[in-house]
Amino acid sequence: MVSPASAAYVMWYRQVKRFVRARSRLVGSIFQPIFWMVFLGLGFTSALRGAPVFGGIDYLTFFAPGVVMMAVFFTAFFSGTSIIWDREFGFLKEILVAPASRTATILGRILGDVTIAMLQGVIILALALLMVPSLNLTGFPLVLAAAFFTALQFAALGTILASKLKSFEGFQLVNMLLAMPIFFLSGAFYPVDALPGPAALAAYLNPLVYGVELSRRALTGMGFLPLPTSLTILTASSIRHFLVAVWSFEKTTAE
Amino acid sequence: MEEVIVAEGLTKVFGSLKAVDEVSFTVRRGEIFGFLGPNGAGKTTTINLLTTLMKPTSGRGLVAGYDIQREPQKVREKIGVLFQDITLDRELTGWENLWVHGLIHGIPRRLLRERIRELLAFVELEEWASHQVKRFSGGMQRRLQIAAALLHRPEVLFLDEPTLGLDPQSRNRIWDYILELRREGVTIFLTTHYMDEAERLCHRTAIIDHGRIIALGTPEELEKSLGSEMVYVKLASNSLQDAARMAEGLKNVEGCRVQMVKPGEISVSTIKASEAIPRIFEKAEGLAVKIREVTYHKPTLEDVFLHLTGRKLRDEEVSGMEAIRIRHRWWR
């Protein structure tokens, strides 16, 4: 009988080790959000100075908590790529013929990706603080919680996609197609509660909205939903997606 | 004797292709059992079925007493697999790969550290333990994979083309490891498309082609099924006339059948070359034909395969005509 804790640990260890080895990945994933913040955030801040839409805070203060979640989202969502690579390079077979429970291995794997995504979120938050010193750091634990569940949510969705789409190109394509609307409709750029009917509905169905909402609530005190509501929706949907991910990985074969 | 692998009518269909077609065989404890056949014959699919990576379309398989379909988890606890392709994590070091492998196979950490040290020594990679696998040569990656497959002391070892694409030196080394395991009594199921590999390593070999087993036995039995040995006689003179005279003379020599006559050369098939050769000499003396050289060879598995399928085993050995046709297809 293989200890599920050992199996989960070692899969976590592997994901994190691989990330630490690939320094370019770290650097690349940090620069992108910085560019958003500098080129888009600063630009809008001066263009919209004095506009009342953001509840009295300037655009960059409004935008920064969203960028933190955006970094978490992208890293987590694209982590499914590693399953595709593992299928391509054969390592997946090694896992599939091992007696360790699949639930334990996929749990460890997803937690490894969650760790990496959270780490990036924290780095982006630290950099955002340099640009927006007024962010309220007493909300840090809540940001961590939001980052954790957002990462879990999207690492799970990435895993589900990777279990269904077996080619690297297919996965890239579908992921990009999904990532763009999720990202633009996340509430990071503008308040989604002001959207017209159908768009607002789409936003409410977007799981990233709740992560951004919580992050903004924690760091600026602003938000359009009561905190317990967004927290409940986020945790419930991320756990649900995680369970679906476990289920789809259980059924994976080498075919 | 105890049967460790049992396959009964194992079948796997992909679309309209029967990759494995009603395959039945058993492997006994401590035996090395070989699957010999060309690429695409169904060898790897059979391994995928027996190692629970794929589900059979029909038929039944038992490994170490467990049903591959109903108790895949139990089967996985008993087996070690060396896949044909590299299944290592190239970003991790040699040691880290074994560490991951050991923990997903449930080896307690302290014991695992010890085993890793032992096995790195066994495959002579101690000095490479802390290098990333992507820096390893093909032969080294193969050896590390063998170490991983042995790490959890499996009851049954599956080796899919263990020496495919390796240089002769690495090949010999891996053969030595397998022979060492054979001495230790590990049950091994291996696939290969190298005749010499099957002959050298396997107790019994099944010849598989188009998903079906077409012959099964010890290498000697399979060779005997061909029923003859070949004797090649080279004459001192290079004349066709002498060769023809000699061939004529050999017609009524007991147990000899002339297969081919060329200027200065005759080949003869016979049940027992050691008895036929003196008779050939006698005949030559009687006909006053001088013999320069006599060689003979026992039929190899290669001959058996050729005999059974009418094709050569290795697909890289295509005839000149075939090669032209293939190139032609490329151009179109």
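Look above for the structure.
S.K.: Go over the nonpolar core with me, naming the residues and quoting the values.
M.R.: Counting 150 residues, the largest nonpolar core has F73 of chain A together with F25, V63, F158, I188 and F189 of chain B as the members making the most contacts within it. Tallying contributions element by element places helix α3 (residues 59–78) of chain A first for this core, with 15 residues. The residues contacting F73 of chain A, other than those within four sequence positions of it, are F154, A179, I182, F183 and L208 of chain A. Residues L250, I266, I277 and V289 of chain B belong to the second largest nonpolar core, which totals 16 residues.

S.K.: Describe the pattern of salt bridges, with residues and values.
M.R.: Oppositely charged side chains can pair when the atoms bearing their charge come close. The final tally for this structure, using the stated rule, is 26 salt bridges over all chains. The shortest N-O distance in the salt bridge between E96 of chain B and K17 of chain A comes to 3.1 Å. With one member in each of two chains, E96 of chain B in helix α3 (residues 94–104) and K17 of chain A in helix α1 (residues 4–21) form a pair that bridges those chains. The partner of D89 of chain B in a salt bridge is R18 of chain A, and the shortest N-O contact between them spans 2.6 Å. On the criterion of chain membership, the pair formed by D89 of chain B in the loop between β6 (79–82) and α3 and R18 of chain A in helix α1 is interchain, its members lying in two chains. For the pair formed by D89 of chain B and R18 of chain A, the shared burial category is buried.

S.K.: Pulling in residues and values, what's your account of the sheet that holds β6 of chain B?
M.R.: Residue and element names in this part refer to chain B. An order of β6-β7-β8-β3-β9-β10 is seen for the six strands of this open sheet, with the pairing classed as mixed. A strand with exactly one partner marks an edge of an open sheet, and here the two such strands are β6 and β10 (212–217). Here the strands of the sheet are splayed against their neighbours by 15° on average, with no regard to which way each runs. Where strand β7 (residues 156–160) meets strand β8 (residues 187–192), five bridges bridge the pair, whose relative direction is parallel. Within β8, the position partnered with L159 by the bridge is L190. Against the sheet, helix α5 (residues 138–151) engages β6 and β7, with an angle of about 170° to β6.

S.K.: Would you mind going over the pairing of β7 of chain B in detail, with residue names and values included?
M.R.: Residue and element names in this part refer to chain B. Of all five residues in β7, five are buried; the element is thus mostly enclosed. Of the two faces of β7, both are covered, the one formed by V156, F158 and D160 as well as the one formed by L157 and L159. Pairing analysis gives four bridges linking β6 to β7, with the strands arranged parallel. Looking at β7, one finds that L82 is bridged to L159.

S.K.: Break down the packing of α1 of chain A against helix α6 (residues 102–131) of chain A for me, citing the residues and quoting the values.
M.R.: Residues and elements named next belong to chain A. Axis separation between α1 and α6 bottoms out at 7 Å; the angle between their running directions is 40°. Here α1 runs over α6; the crossing is right-handed. Across the interface between the two elements, P4, A7, A8, M11, W12, R14, Q15, V16 and F19 of α1 pack against A104, T105, G108, R109, L111, G112, D113, T115, I116, L119 and Q120 of α6. Of the residues in the contact of α1 with α6, the class split is eleven nonpolar, six polar and three charged.

S.K.: Give a detailed account of the packing of aromatic side chains, specifying residues and quantitative values.
M.R.: Using the criterion set out here, one finds 33 aromatic pairs over all chains in the structure. Ring centres 5.7 Å apart and planes at 50° place the aromatic pair F158 of chain B and F189 of chain B in the tilted group. Within this pair, whereas F158 of chain B is found in strand β7, its partner F189 of chain B is found in strand β8, the two being separated by 31 residues in sequence. Of the two residues, F158 of chain B and F189 of chain B, neither departs from the other in class, the shared state being buried. When the ring centre of F62 of chain A is taken as reference, the NZ or CZ atom of R216 of chain A above it lies at 3.7 Å. Cation over ring: R171 of chain B sits above Y194 of chain B, and NZ or CZ is 4.3 Å from the ring centre.

S.K.: An account of the interface of chain A and chain B is needed here, citing residue identities and associated values.
M.R.: Of the residues lining the interface, 29 residues belong to chain A; the matching set on chain B comes to 31 residues. The contact between chain A and chain B buries some 2,700 Å² in all, and 59% of this surface belongs to carbon and sulfur atoms. When residues of chain A are sorted by the area they lose upon contact with chain B, E94, V97 and P99 of chain A head the list and together hold 23% of the total. Summed over the shared surface of chain A and chain B, the result is five salt bridges. Counting across the chain A and chain B interface gives eleven residue pairs in polar contact (both at pLDDT 80 or more). For the side of chain A that touches chain B, the elements supplying multiple residues, two or more each, are α1, α5 (91–96) and α6 of chain A. For the side of chain A that touches chain B, the element with the most residues is α1 of chain A, which contributes ten residues.

S.K.: Outline unusual backbone geometry, listing residues and values.
M.R.: All names here are of chain B. Positive phi outside glycine occurs at T52, with the angle close to 70°. You can see T52 is positioned in the loop between α1 (43–50) and β4 (58–63). A relative accessible area of 10% means that T52 is categorised as buried. Phi is positive for R153, which is not a glycine, with a value near 45°.

S.K.: Now, about the sheet that holds strand β13 (residues 265–270) of chain B: what can you tell me, with residues and values included?
M.R.: All names here are of chain B. The strand order β12-β13-β11-β14 describes an open sheet built from four strands, whose pairing is antiparallel. Among the strands making up the open sheet, the edge pair consists of β12 (256–262) and β14 (291–297). In this sheet, neighbouring strand axes are inclined to one another by 20° on average, regardless of whether the strands run parallel or antiparallel. Sheet analysis places β12 next to β13, joined by six bridges and oriented antiparallel. Note that in β13 the partner of K262 across the bridge is E265. Taken strand by strand, helix α10 (residues 273–287) contacts β11 (229–235), β12, β13 and β14, and its axis lies near 160° from that of β14.

S.K.: Give me the layout of surface pockets: which residues, what numbers.
M.R.: Considering only enclosed or pocket space, the largest pocket measures out at about 770 Å³ in volume. If you trace the largest pocket, you find 31 residues lining it, with R25, F78, T81, S82 and W85 of chain A closest to the centre. Those elements giving two or more residues to the lining of the largest pocket turn out to be α1, α2 (23–47), α3, α4 (81–89), α6 and α8 (168–184) of chain A. Of the residues contributing to the lining of the largest pocket, the split by class is 13 nonpolar, ten polar and eight charged. A volume near 300 Å³ is recorded for the second largest pocket. Considering the residues around the second largest pocket, the lining is formed by 13 residues, among which K224, E229, I271, K298 and P299 of chain B are closest to the centre.

S.K.: Tell me about the pairing of strand β2 (residues 17–28) of chain B, and name the residues and values.
M.R.: For a regular strand, side chains alternate in direction, first toward one face of the sheet and then toward the other. All names here are of chain B. When strand β1 (residues 3–14) meets β2, the two strands line up antiparallel, connected through eight bridges. Bridge assignment links V13 to a residue of β2, and that residue is K18. The antiparallel hairpin formed by β1 and β2 contains two residues in its connecting segment, where G15 sits at a positive phi of about 60°.

S.K.: A description of the packing of α3 of chain A against α8 of chain A should follow, citing residues and the corresponding values.
M.R.: Residues and elements named next belong to chain A. Close contact between α3 and α8 brings their axes to 11 Å; oriented N to C, the two are set at 160°. Viewed along their axes, α3 and α8 adopt a mutual orientation that is roughly antiparallel. Relative to α8, α3 is oriented so that their crossing is right-handed. Between α3 and α8, the residues in contact are M70, F73, F74, F77 and F78 and F171, Q172, N175, M176, L178, A179, M180, I182 and F183, respectively. Of the residues assigned to the contact of α3 with α8, the class counts are twelve nonpolar, two polar and no charged.

Analysis parameters
Residues numbered from 1 in each chain as written. Chains lettered and ligands numbered in written order. Predicted model: local features only at pLDDT ≥ 70, side-chain atom pairs only at ≥ 80, totals over all residues. Heavy atoms only, no water. Core = buried A, V, L, I, M, F, W, Y, C linked by side-chain atoms within 4.5 Å. Buried < 20%, exposed > 50% of the residue type's maximum accessible area, 1.4 Å probe, protein only. Helix = DSSP H or I, 4+ residues; strand = E, 2+ residues; numbered from the N terminus. Contact = heavy atoms within 4.5 Å. Salt bridge = Lys/Arg side-chain N within 4 Å of Asp/Glu carboxyl O. Pairing = 2+ DSSP bridges. Axes fitted to C-alpha atoms, helices over the stretch in contact; angles between N-to-C directions. Left-handed = near helix turned anticlockwise from the far one by under 90°. Nonpolar A, V, L, I, M, F, W, Y, C, P; charged D, E, K, R; others polar. Phe/Tyr/Trp six-rings, centres within 6.5 Å; stacked < 30°, edge-to-face > 60°. Lys NZ or Arg CZ within 6 Å of the ring centre and 35° of its normal. Buried area = accessible area lost by both parts, 1.4 Å probe. Polar contact = N/O pair within 3.5 Å; in protein donor to acceptor, adjacent residues only side chain to side chain. 1 Å grid on protein atoms, 1.4 Å probe; cavity = no way out; pocket = protein on both sides within 12 Å on 5 of 7 lines; lining within 4 Å. Points joined across faces, edges and corners; volume = space filled by probe spheres on them. Parallel < 35°, antiparallel > 145°, perpendicular 65-115°, else oblique.

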